[in-house]
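Take a look at the letters that make up each chain.
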Amino acid sequence: MIKLNLLLFVLMLLFTGAFAPLPENIVPCHRNDPDIANCIKNRVNELKPRLATGKIAKDFSVPQLEPLSLDTIQMSRGTEFKAVFTNLLVRGPSNFEIEKIKVDLDSLVFDFVIFLPKLEYKGKYSLKIKLLLLDIAGKGDVTGSLDNTRARVRLRGVRYQKDGKTYMKFERFQFKIQVSSSKIHLDNLFNGDATLGQIGNQFINDNIDLFLSEVTPGLEKSLAETFTEVANDILKAATLDEIFP
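### Here's the deal with the side chain of S145
Now for step 1: Residue placement: S145 occurs in strand 7 (residues 134-162).
Now for step 2: Judged by relative accessible area, which is 13%, S145 ranks as buried.
Now for step 3: The residues contacting S145, other than those within four sequence positions of it, are K118, L119, E120, Y121, S181, S182 and K183.

Here's what the structure looks like:
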């Protein structure tokens, strides 16, 4: 759940850096560029040091990536998985890499592969889940790490007219998330019972792939809905000609 919402934020900033109106000192990518995908990648890479601090230009800023602060993440999968994570602080997102970009401006289809080598996080949690046959519940501090996370994203845009000008908006995004390895530690499981807490944490980490497989599909759906809304809010500020002159 943490990794997906983090990727949402990174993708939002990547999208802002590549497509949204930016200060004059940042050159946009032109639609006739024969290698526009590489242009977009270069623009985002140029912005990476500024994205870490959030200071893009004198009068243009975004929330900082280092460390990344996430207020609240809520997730639910039926009656067997309910969790809320709050006050999350994540280190490492500014090291994201764009591995692949494929752009088709005629059909407004954009494919990305984004890689995050290592993320470390801490915050608060409250959860009640069932993993295999074990019921796990608790409320307290959470810490963890994610290694070698990849997000495969497809954005499909459509053109529309407003006040005689052409704008772009996106249909629902498609996300696929892969994590090479992950660790998590939940303090105060089972009302602070130290023995049961140790067993619960060990059980979750021993079955981390199952844990992730249980929650990822629903979260990918939620992420797609949220990011579609965020991206379309960004795109309202510029015409298609302003985004790709």
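There is more to say after this.
### Here's the deal with the environment of N38
Now for step 1: Mapping N38 onto the fold places it in helix 2 (residues 36-53).
Now for step 2: Expressed as a C-alpha distance, the spacing of N38 and K100, which sit 62 residues apart in the sequence, is 9.0 Å.

### Examining unusual backbone geometry
Now for step 1: Unlike most non-glycine residues, N87 shows phi in positive territory, near 50°.
Now for step 2: Looking at the secondary structure, you find N87 in strand 4 (residues 81-91).
Now for step 3: Here the phi dihedral of L132 falls at roughly 55°; this positive angle occurs in a residue that is not glycine.
Now for step 4: Residue placement: L132 occurs in the loop between strand 6 (109-131) and strand 7.

### Here's the deal with helix 3 (residues 194-206)
Now for step 1: Taking 1.5 Å per residue, 13 residues should reach 18 Å; helix 3 reaches 18 Å between its end C-alpha atoms and fits that length.
Now for step 2: Every buried residue of helix 3 is accounted for by G197, G200, N201 and I204. Taken down its axis, helix 3 places every buried residue within 95° of arc, on the same side. Facing away from the buried side of helix 3, by more than 90 degrees, are the exposed residues T195, Q198 and D206.
Now for step 3: Its side-chain oxygen placed 3.1 Å from the backbone nitrogen of T195, D193 serves as the N-cap of helix 3.

### Digging into the packing of aromatic side chains
Now for step 1: In the structure shown here, the tally under the stated rule is three aromatic pairs.
Now for step 2: With 5.9 Å between their ring centres and 75° between their planes, F110 and F170 make a pair best called edge-to-face. Here F110 is found in strand 6, whereas its partner F170 is found in strand 8 (residues 165-170), with 60 residues between them in sequence. Across the pair, exposure class does not vary: F110 and F170 are buried alike.
Now for step 3: Summarising the aromatic geometry, the rings of Y160 and Y167 are spaced 5.7 Å apart at their centres and angled 25° between planes, so their arrangement reads as stacked.
Now for step 4: Using a relative accessible area of 25% as the deciding quantity, one classes Y160 as partly exposed.
Now for step 5: Between K48 and the ring centre of F96, over which it is positioned, the NZ or CZ distance is 5.3 Å.

### Description of the pairing of strand 7
Now for step 1: Of the strand pairs in this sheet, strand 6 and strand 7 are connected by 22 bridges, and their pairing is antiparallel. The residue bridging I129 from the neighbouring strand is I136, located in strand 7.
Now for step 2: Bridge count between strand 7 and strand 9 (residues 174-186): 12 bridges; the pairing is antiparallel. Residue pairing across strands places G144 opposite I184, the latter belonging to strand 9.

### Digging into the environment of S182
Now for step 1: Its location among the elements puts S182 in strand 9.
Now for step 2: The class of S182 is buried, set by a relative accessible area of 12%.
Now for step 3: Between the alpha carbons of S182 and E120 there is a distance of 9.9 Å; along the sequence they are 62 residues apart.
Now for step 4: Setting aside chain neighbours within four positions, we find S182 in contact with S145, L146, N205, I208 and L212.
Now for step 5: In this structure the side chain of S182 is engaged in a polar contact, spanning 3.4 Å, whose partner is the backbone oxygen of S145.

Analysis parameters
- Residues numbered from 1 in each chain as written.
- Predicted model: local features only at pLDDT ≥ 70, side-chain atom pairs only at ≥ 80, totals over all residues.
- Heavy atoms only, no water.
- Helix = DSSP H or I, 4+ residues; strand = E, 2+ residues; numbered from the N terminus.
- Buried < 20%, exposed > 50% of the residue type's maximum accessible area, 1.4 Å probe, protein only.
- Contact = heavy atoms within 4.5 Å.
- Expected span 1.5 Å × (residues − 1).
- Arc of directions from axis to C-beta.
- Polar contact = N/O pair within 3.5 Å; in protein donor to acceptor, adjacent residues only side chain to side chain.
- Phe/Tyr/Trp six-rings, centres within 6.5 Å; stacked < 30°, edge-to-face > 60°.
- Lys NZ or Arg CZ within 6 Å of the ring centre and 35° of its normal.
- Pairing = 2+ DSSP bridges.

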